[in-house]
Amino acid sequence: MCSQWKRVFQKLVPMSSFWLDSKILKNEIKKGVTPVIAGFQGISDEFRISTIGRGGSDTTAVAIAYKLNADRCDIHTDVDGVFTADPKWVKKAKKIDQLTYDEMLEMASVGAQVLEPRSVSLAKNNNVILWVKSSFKNIKGTKITNSTKLEKRNVSGIVFSKN
């Protein structure tokens, strides 16, 4: 990727964070309308519309939750939550019930693929509670907040990359 596009890509933010009229959206939701919002489009400082890339839907969801003053942002995915290791590789990996933003940001930054770092950073900066839940099962998932009431642990999880 050339450096010019790399700079543009890094500055892309969800379009919804700029142009979301939360009053209109809230009124439609009150009427029972389920809004469908593209979750991976963004706009650069130069007003160029583009796709945000991996994790763009998660980042857009957090931006919308923030703009709507939602109690939380649920991210539904193909796993039951955040695990101590990738359950595809580590059969005895355990689901983590709760993480801090910093723990999740660290795991995402070094390769955990359940959430993209930009979405976690946006949630942390705007105090949006995240829940990572299964798209297929009705189970609790993993809650991500800035809570300091978490149990003390030396290791939250193990992340690795095949590269």
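Residues numbered from 1 in each chain as written. Predicted model: local features only at pLDDT ≥ 70, side-chain atom pairs only at ≥ 80, totals over all residues. Heavy atoms only, no water.

Attention now moves to the packing of aromatic side chains. If you walk through the whole model with that rule in mind, you get zero aromatic pairs. Of note, Lys 133 hangs over the ring of Trp 131, and the distance from its end group to the ring centre comes to 5.5 Å. (Phe/Tyr/Trp six-rings, centres within 6.5 Å; stacked < 30°, edge-to-face > 60°. Lys NZ or Arg CZ within 6 Å of the ring centre and 35° of its normal.)

For a regular strand, side-chain orientation follows a simple rule: the groups alternate between the two sheet faces. In this sheet, strand β9 (residues 142-145) lies alongside strand β7 (residues 98-100) in parallel orientation, the contact comprising three bridges. Directly across from Leu 99, in β9, lies its bridge partner Ile 144. (Pairing = 2+ DSSP bridges. Helix = DSSP H or I, 4+ residues; strand = E, 2+ residues; numbered from the N terminus.)

Here we take up the sheet that holds β9. Pairing in this open sheet of four strands is mixed, and the strands run β4-β8-β9-β7 from one edge to the other. Two strands bound the open sheet, and with one partner strand each, they are β4 (73-77) and β7. Sheet twist, expressed as the mean angle between neighbouring strand axes with direction ignored, is 20°. Pairing of strand β8 (residues 130-134) with β9, which is carried by three bridges, proceeds in the antiparallel orientation. Note on β9: the bridge partner recorded for Val 132 is Thr 142. Here helix α5 (residues 101-109) sits on the sheet in contact with β7 and β9, set at roughly 85° to β7. (Axes fitted to C-alpha atoms, helices over the stretch in contact; angles between N-to-C directions. Contact = heavy atoms within 4.5 Å.)

Once that is clear, we can look at the nonpolar core. Residues Cys 73, Val 82, Leu 99, Met 104, Leu 115, Leu 130 and Ile 144 are the most contacted members of the largest nonpolar core, which totals 24 residues. Considering every element that reaches this core, the biggest residue donor is α5, with four residues. With near-sequence residues (within four places) excluded, Leu 115 lies in contact with Arg 54, Asp 58, Ile 75, Met 104, Ala 108, Val 120, Leu 130, Val 132 and Ile 144. (Core = buried A, V, L, I, M, F, W, Y, C linked by side-chain atoms within 4.5 Å. Buried < 20%, exposed > 50% of the residue type's maximum accessible area, 1.4 Å probe, protein only.)

The next thing to look at is the confidence of the model for the protein. Summing up the model confidence of the protein, the mean pLDDT is 79 and the portion of residues at 70 or higher is 74%. Across the protein, the element-wise mean pLDDT spans from 44 in helix α1 (residues 3-11) up to 96 in β9. Overall, residues 1-18 carries pLDDT values under 50, and its contacts beyond four positions in sequence, including any with other chains, amount to 40 contacts. (pLDDT = per-residue confidence, 0-100.)

The subject of this paragraph is the environment of Phe 136. Assignment of secondary structure puts Phe 136 in the loop between β8 and β9. Along the backbone, Phe 136 and Asp 80 are 56 residues apart, and their C-alpha atoms lie at a distance of 8.4 Å. Not counting residues within four places of it along the chain, the set of residues in contact with Phe 136 comprises Thr 77 and Asp 78.

Tallied over the entire structure, the rule returns seven salt bridges. Measuring nitrogen to oxygen at the nearest pair gives 2.8 Å for the salt bridge that ties Asp 74 to Arg 72. For Asp 74, a relative accessible area of 27% gives the class partly exposed. Across the pair Glu 116 and Arg 118 runs a salt bridge, and its minimum N-O distance is 3.1 Å. Taking relative accessible area as the criterion, Glu 116 reaches 13% and is therefore assigned buried. The exposure class assigned to Arg 118 is partly exposed, which follows from its relative accessible area of 24%. A single salt-bridge network, built from bridges that share partners, covers Arg 72, Asp 74 and Lys 133. (Salt bridge = Lys/Arg side-chain N within 4 Å of Asp/Glu carboxyl O.)

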